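Working through the structure, step by step
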Amino acid sequence: MYKKNKIIINSFKNSLIASCQPIPQGPLDTPSFVLASAKASIIGGARALRIEGFKNLKLIKKNINLPVIGIKKRVSKKYPIIITPLLSDVEKLSELGAEIIAFDSTFRARPYSVGSIISKIHSCKKIAMADCSTIKDAINSIENGADILSTTLSGYTNEKLPPKNPDFKFLNQLIKKFKVPIIAEGRFNTPFFYKKAINLGAHAVVVGTALNRIELITKSFLDEV
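A brief report on the enclosed structure follows. (Residues numbered from 1 in each chain as written. Predicted model: local features only at pLDDT ≥ 70, side-chain atom pairs only at ≥ 80, totals over all residues. Heavy atoms only, no water.)

Regarding its fold elements, the protein presents ten helices and eight strands. With respect to the principal axes defined by its C-alpha atoms, the protein has extents near 45 × 40 × 40 Å. With 225 residues in all, the protein has 48% of them scored as buried. Across the protein, every contact between residues at least 6 apart in sequence was considered, and the portion connecting residues at least 24 apart equals 61%. Accessible surface computed for the protein: about 11500 Å², of which carbon and sulfur atoms make up 57%. Of the side chains in the protein, 34 bear a positive and 17 a negative charge, and the two mean positions are spaced by 5 Å. (Helix = DSSP H or I, 4+ residues; strand = E, 2+ residues; numbered from the N terminus. Buried < 20%, exposed > 50% of the residue type's maximum accessible area, 1.4 Å probe, protein only. Contact = heavy atoms within 4.5 Å. Areas by Shrake-Rupley, 256 points an atom, 1.4 Å probe, with all protein chains shown as cover. Lys, Arg positive; Asp, Glu negative; His and termini not counted. Charge placed at Lys NZ, Arg CZ, Asp CG, Glu CD.)

Structure, rendered in structure tokens:
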């Protein structure tokens, strides 16, 4: 790995990564809101960002000097994977300045293999972050050269509704089995969950819905009645 990339990864160790992704096509789904959300998160202490979409990434990199995990989501009838499925997505995210590029690393049907996605990320001199759902995903990603593993897709790869709480069992398995940085992501929506993940040994924790998906935050209160 390039020395610069090691420095980037270390810059957000033991910290929070703000995922500034409003609900697609919702009232907050605009680049200006994404930028404002990112700035507010940084004021609160976030030391890196996870940003979806080319327009959003372009605006963020123009205005903010923090490491960014870039992704491009695509919904397809042909393939179930959504997060950065194409080599052209990797190239565009790299061109727009994402230091880290995350992608779906599951074994589901896909247009390009995990290995080819990682190779493309590395050819762009960027950091490859594998969004995993299982240990098998993680092993395959590491064998293909992934630099970071995350728990992002745990609970989201079958037809069942995802569980309410984070998958701490999976997080702990990754931390114990692999030497690369492990990022906790997926339903880490309270300070308690954040602290628990860091104490387990997560390199950092991605928090998204609890910071900026106001529709879901509001609904969570009403669902308790």
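Structure shown, so let's carry the discussion forward.
Moving on, we get to the environment of Asp29. With respect to the secondary-structure elements, Asp29 resides in the loop between strand E1 (15–19) and helix H2 (31–44). A residue is classified by how much of its surface remains accessible, and Asp29, at 33% relative accessible area, is partly exposed. Dropping the residues within four chain positions of it, Asp29 is found in contact with Pro22, Ile23 and Pro24. Within the local environment of Asp29, its side chain forms a polar contact with the backbone nitrogen of Gln25, the two atoms lying 2.8 Å apart. (Polar contact = N/O pair within 3.5 Å; in protein donor to acceptor, adjacent residues only side chain to side chain.)

With burial as the criterion, each face of strand E8 (residues 204–207) is covered, one bearing Ala204 and Val206 and the other bearing Val205 and Val207. Of the pairings in the sheet, the one linking E1 to E8 comprises four bridges and is parallel in character. Paired with Ile17 across the bridge in E8 is Val206. A crossover links strand E7 (residues 182–184) with its parallel partner E8, the connecting element being helix H8 (residues 191–200), and its sense is right-handed. (Pairing = 2+ DSSP bridges. Right-handed = clockwise from strand over helix to strand, strands pointing away.)

A separate point is unusual backbone geometry. At Thr84, a residue that is not glycine, the phi angle is positive and equals roughly 45 degrees. Inspection of the secondary structure assignment puts Thr84 in the loop between strand E3 (68–71) and helix H4 (87–95). Judged by relative accessible area, Thr84 falls into the buried class, the value being 0%. In this structure, Arg187 is a non-glycine residue whose phi angle is positive, near 75 degrees. Structurally, Arg187 is set in the loop between E7 and H8. Residue classification places Arg187 among the buried residues on the basis of a relative accessible area of 13%.

The next subject is the environment of Ala36. Tracing the chain through its elements places Ala36 in helix H2. When the C-alpha atoms of Ala36 and Ile60 are compared, they prove to be 9.5 Å apart, with 24 residues separating the residues in sequence.

Within the structure shown, the criterion is met by nine salt bridges. One salt bridge in this structure joins Lys164 and Glu224, with 3.5 Å as the shortest N-O distance. Here Lys164, found in the loop between strand E6 (148–150) and helix H7 (168–177), pairs with Glu224, found in the segment after helix H10 (214–222); they are 60 residues apart in sequence, far enough to count as distant. Residue classification places Lys164 among the exposed residues on the basis of a relative accessible area of 65%. Owing to a relative accessible area of 58%, Glu224 belongs among the exposed residues under this scheme. When salt bridges that share partners are traced, they join Arg50, Asp131 and Glu185 into one network. (Salt bridge = Lys/Arg side-chain N within 4 Å of Asp/Glu carboxyl O.)

Another aspect to go through is the packing of aromatic side chains. Two descriptors summarise a pair of aromatic rings, namely the distance from one centre to the other and the angle between the planes of the rings. Counted according to the given criterion, the structure contains three aromatic pairs. Relative to Phe188, the ring of Phe168 has its centre 5.4 Å away and its plane inclined at 80 degrees; by these criteria the two rings are edge-to-face. One end of the pair, Phe168, is in helix H7; the other, Phe188, is in the loop between E7 and H8, and 20 residues separate them in sequence. Across the pair, Phe188 and Phe168 agree in class, each one buried. When the ring centre of Phe54 is taken as reference, the NZ or CZ atom of Lys72 above it lies at 4.9 Å. (Phe/Tyr/Trp six-rings, centres within 6.5 Å; stacked < 30°, edge-to-face > 60°. Lys NZ or Arg CZ within 6 Å of the ring centre and 35° of its normal.)

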